[in-house]
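# An overview of the molecular structure
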Amino acid sequence: MTVDLHELSNGFRIVTEDMPGLKSAALGIWVMAGGRHERIDQNGIAHFLEHMAFKGTRRRSALQIAEEIEDVGGYINAYTSREMTAYFARVLQDDVPLALDVISDIVLNPVFDEAEIEVERGVILQEIGQVLDTPDDVVFDWLQEVAYPEQPLGRTILGPCERVSSFGRADLSSFVAEQYGPEKMILSVAGAFDRSRVLAEAEAIFGHLPRGGGELIEPARFAGGERLEVKPLEQVHFALAFETPGYRDDEVYTAQIYSSALGGGMSSRLFQEIREKRGLCYTIFAQTGAYADTGMTTIYAGTSAEQIGELTGLTMDELKRAADDMTEAEIARARAQMKAGLLMGLESPSNRAERLARLVAIWGRVPALDEVVCRIDAVTADKVRGFAERIAGATSPALTMYGPVDRAPRLTELRERLAA
């Protein structure tokens, strides 16, 4: 498998990787413009724009966009995150030129028809309502807001209803003009395709775009705090987060292995102690996510109002215990899980195309797999225990709980349990 990275004179980047033996390819355009790049009056517009990309271009109606990909058996979709928006497709090898044409068309030539804006506004408002009705979704939005208050990184990706209700054609066009410069775009292709043709067509489609201006994102400031929302649900939904390194920090591998050993699978400490031994919950896990300049290690569980005190207390105990006795065997298992997840994921051209785009966005290059595996293998038990000690000593975690939380412990009590 050969990775090739090519940059046009205007900063537009094309990264490709052939995967011998396949008959299909995944490709997409990743734009480094997400929720974090919005002003407060724009909150939710990056996601709104993602929706509108499929609602018609100068050359295609919304139905034609769907039909042209699905007529050849392909798949097309998009997503918005806090640091990126992606538009991607999966097609057979012979249909890669068609997919590139459709994807580039929806990114570069949306018409933002006023009638379609109104239709999609209703769709997004329903999406917001669905999230608000899904406790184990909304509790993470609140956690993000508590962790990074009054800053773009802490705002919901979907945006508040009042903002979404006010966006118009001019707002969408303005965000595109501000954020969709070629230097912020990456075309990523993985699978079976003709590289020379992809490069030539990308040059023809994107090479004329004028480079945009420079931009500085607001630095992240993890504050911590708590938000408890009372509602008569069957369970209390509990989410706790600690600040951890951003993705350019080598310690992010330590954080990921720590969270895997703590709560990343059925053999993890939290799962074994709290679900398997005590039966206090159905779902409990820990995970680590990262951004350019910060990250979060998060613990989530759902349990009854009567058992939330015991569950949170045991969770604090496990956080303390990890700093003292995380074993070599646990670290080895977590390393193996991380490497297996990486390597198994690369068997999918869609996962591989996304990985290529993300690595180019982060590093400006695609590190060799051996380099990444070496960084994972370099995480020792001493490093994980040292990291766990810092987590257990954190003075300002972020906490959200939703449901019958009247008798749930507050953040001060959880900090005291950690410090005991």
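That block above? That's the structure.
Note that the structure is predicted; figures quoted are calculated from it, not measured.

So, on to helix H3 (residues 96–108). The end-to-end C-alpha distance of H3 is 18 Å, a good match for the 18 Å that 13 residues give at a rise of 1.5 Å each. Looking only at H3, the buried set comprises Val 96, Ala 99, Leu 100, Val 102, Ile 103, Ser 104, Asp 105, Ile 106 and Val 107. Buried residues along H3 sit against strand S3 (24–31), helix H2 (62–70), strand S4 (75–80), strand S5 (85–92), strand S6 (185–191) and helix H8 (195–206).

Turning next to the packing of helix H9 (residues 251–263) against helix H12 (residues 328–345). Packing of H9 against H12 leaves a shortest axis separation of 9 Å and a crossing angle of 110 degrees. Taken together, the axis directions place H9 and H12 in an arrangement best described as roughly perpendicular. Taken together, the residues of H12 that come into contact with H9 (itself represented by Tyr 253, Gln 256, Ile 257, Ser 260 and Ala 261) are Glu 330, Ile 331, Ala 334, Arg 335, Gln 337 and Met 338. Here the contact of H9 with H12 is composed, by residue class, of six nonpolar, three polar and two charged.

The strand order across the open sheet built from five strands is S7-S11-S8-S10-S9, with neighbouring strands paired in mixed fashion. The strands lining the two open edges of the sheet, one partner per strand, are strand S7 (225–230) and strand S9 (284–290). Each neighbouring strand pair of the sheet contributes to a mean axis angle of 10 degrees, computed without reference to strand direction. The pairing of strand S8 (residues 236–244) with strand S10 (residues 295–303) spans nine bridges and is classified as antiparallel. Among the inter-strand pairings, Ala 239 is bridged to a residue of S10, identified as Tyr 300.

It is worth spelling out unusual backbone geometry at this point. Phi at Phe 112 is positive, roughly 55 degrees, even though this residue is not glycine. Relative to the assigned elements, Phe 112 resides in the loop between H3 and helix H4 (114–132). A relative accessible area of 5% means that Phe 112 is categorised as buried. Phi angles above zero are rare outside glycine, and Glu 150 is one such case at about 55 degrees. Here Glu 150 lies in the loop between helix H5 (135–147) and helix H6 (161–164). On the basis of relative accessible area, Glu 150 is assigned to the exposed category, the value being 78%.

Conventions we followed
Residues numbered from 1 in each chain as written. Predicted model: local features only at pLDDT ≥ 70, side-chain atom pairs only at ≥ 80, totals over all residues. Heavy atoms only, no water. Helix = DSSP H or I, 4+ residues; strand = E, 2+ residues; numbered from the N terminus. Expected span 1.5 Å × (residues − 1). Buried < 20%, exposed > 50% of the residue type's maximum accessible area, 1.4 Å probe, protein only. Contact = heavy atoms within 4.5 Å. Axes fitted to C-alpha atoms, helices over the stretch in contact; angles between N-to-C directions. Parallel < 35°, antiparallel > 145°, perpendicular 65-115°, else oblique. Nonpolar A, V, L, I, M, F, W, Y, C, P; charged D, E, K, R; others polar. Pairing = 2+ DSSP bridges.

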